[in-house]
Amino acid sequence: MSSRPGRAPVVTISATYGAGGSMIGPAVAARLDVPFLDRALPTAVAARIGCSLDEALQRDDRAPSGLERLLVSAARLPTVTLGSVDTTYIGTTNAEGRLLYDHEFVEQTERVIREVARTGGVILGRAAAAVLADHSDVLHVRLDGAREARLRRARRLWELGDRVEFHGPDRVNAPPNGKVLDANDRARAAYVRRFYRIDPTEAAHYHLVIDSTALSTDACVDVVVRAAKDRAQGGDKEF
C-alpha cells in the first residue's frame, strides 16, 4: 500500500444528496489547510481532454442529469473495446474533432485524484475512495442520513440561498423535492457501480460512516479532521 510520510492529510468524502458534503468538505479542507476538490475536478479534466467544461460536467457524478443521460445512452448505443474496457460510444469530441469515450473522462478524473493524494486535499465524490483504496494513509468518509432528514436539510439550505449542492440550472429554480433527491442519489451510486463495480453504500469501503443529519456540521467536521490527522500519521499502526 502506498503512503506519504510527513505529507498533508488526504480525505475522500462520499455523500448522498442533502447529507452536507458541499458544506463539510470545504470546512474539513480549511481546518486541515489543504485544497478542496469539487468543481475544480471537472475543470481540470476538461482542460486535459480538450473538451468544454459543460461536457465534462455531464459525465461527472455530481451532475445527475448528465450522468443519467449517459447511462440511458449506454442501453441503446453500440460499444467498442479499447484495451480491456468496454466503452459506450458518445457524441462528444475534443477540440481537434476526435470522438471521446466516457472512460476517458473517468481515467483523467482518476489521474487528478491520484495527484491530489500525493500532496494533500479533500476530494468530494468521483468514487475517490475506490480510486485511492490502496493508499494506507488516506481517510475515506461516507456522509448519509435518513431520506426525509436529508430532504429537509436540502430544502432549508435552498431557502437560505445556499445553492452549492445544486449544480445544474434545473436544481435552482425550485426547492428540492423527493424526485430530485432520488435522481441525485441514483446517479452518484450509478457512477461508482458502473465504473468500479462496487456498491457505494457498503460501509466496508470507508473508515467513517456518519449520519450527518443527526449531528451539527461543526461536529461532523471535528470528527473527520481528528480522524484524518490520525490516519495521516499512521494511526492504523498503533493502539
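Up top you'll find the structure we're talking about.
These notes cover the structure that comes with them.

What counts, and at which threshold
- Residues numbered from 1 in each chain as written.
- Predicted model: local features only at pLDDT ≥ 70, side-chain atom pairs only at ≥ 80, totals over all residues.
- Heavy atoms only, no water.
- Helix = DSSP H or I, 4+ residues; strand = E, 2+ residues; numbered from the N terminus.
- Buried < 20%, exposed > 50% of the residue type's maximum accessible area, 1.4 Å probe, protein only.
- Contact = heavy atoms within 4.5 Å.
- Areas by Shrake-Rupley, 256 points an atom, 1.4 Å probe, with all protein chains shown as cover.
- Pairing = 2+ DSSP bridges.
- Axes fitted to C-alpha atoms, helices over the stretch in contact; angles between N-to-C directions.
- 1 Å grid on protein atoms, 1.4 Å probe; cavity = no way out; pocket = protein on both sides within 12 Å on 5 of 7 lines; lining within 4 Å.
- Points joined across faces, edges and corners; volume = space filled by probe spheres on them.
- Nonpolar A, V, L, I, M, F, W, Y, C, P; charged D, E, K, R; others polar.
- Expected span 1.5 Å × (residues − 1).
- Polar contact = N/O pair within 3.5 Å; in protein donor to acceptor, adjacent residues only side chain to side chain.
- Parallel < 35°, antiparallel > 145°, perpendicular 65-115°, else oblique.
- Left-handed = near helix turned anticlockwise from the far one by under 90°.

Side note on the overall build of the chain
When you go through the chain residue by residue, the secondary structure sums to nine helices and eight strands. Counting all 239 residues of the chain, 50% fall into the buried class. Considering only contacts in the chain between residues 6 or more positions apart, those separated by 24 or more positions represent 69%. If you sum the accessible surface of the chain, you get close to 11400 Å²; carbon and sulfur atoms cover 53% of it.

A look at the sheet that holds strand β6 (residues 121-124)
The five strands lie next to each other as β2-β6-β1-β7-β8, forming an open sheet whose pairing is parallel. Of all strands in the sheet, those bounded by a partner on one side alone are β2 (36-37) and β8 (208-211). In the packing of helix α1 (residues 21-32) onto the sheet, contacts are made with β1 (10-15), β2, β6 and β7 (138-144), and the angle to β6 comes to roughly 170°.

Describing the layout of surface pockets
Quantified by volume, the largest pocket comes out at close to 370 Å³. Elements supplying a minimum of two residues to the lining of the largest pocket: β1, α6 (128-131), β7 and α8 (178-196). Taken together, the residues of the lining of the largest pocket break down into 14 nonpolar, eight polar and six charged.

Some remarks on unusual backbone geometry
Here A127, not a glycine, exhibits a phi torsion of approximately 55°, which is positive. Within the secondary structure, A127 is located in the loop between β6 and α6. Take A127: its relative accessible area is 9%, and that puts it in the buried class. Positive phi outside glycine occurs at R197, with the angle close to 55°.

Focus: α8
With 19 residues, α8 should reach 27 Å at 1.5 Å per residue; the first-to-last C-alpha distance of 27 Å fits that figure. Taking burial as the measure, the 19 residues of α8 include 14 buried ones, the bulk of the element. At the N-terminal boundary of α8, the capping side chain belongs to N177, with an oxygen 3.1 Å from the backbone nitrogen of K179.

Some thoughts on the packing of α1 against helix α9 (residues 217-232)
Between α1 and α9, whose axes approach to 9 Å, the crossing angle comes to 50°. Put simply, α1 runs oblique to α9. Seen from above, α1 lies across α9 with right-handed handedness. From α1, M23, I24, A27, V28, R31 and L32 reach across to α9, where they touch T217, C220, V221, D222, V224, V225, A228 and K229.

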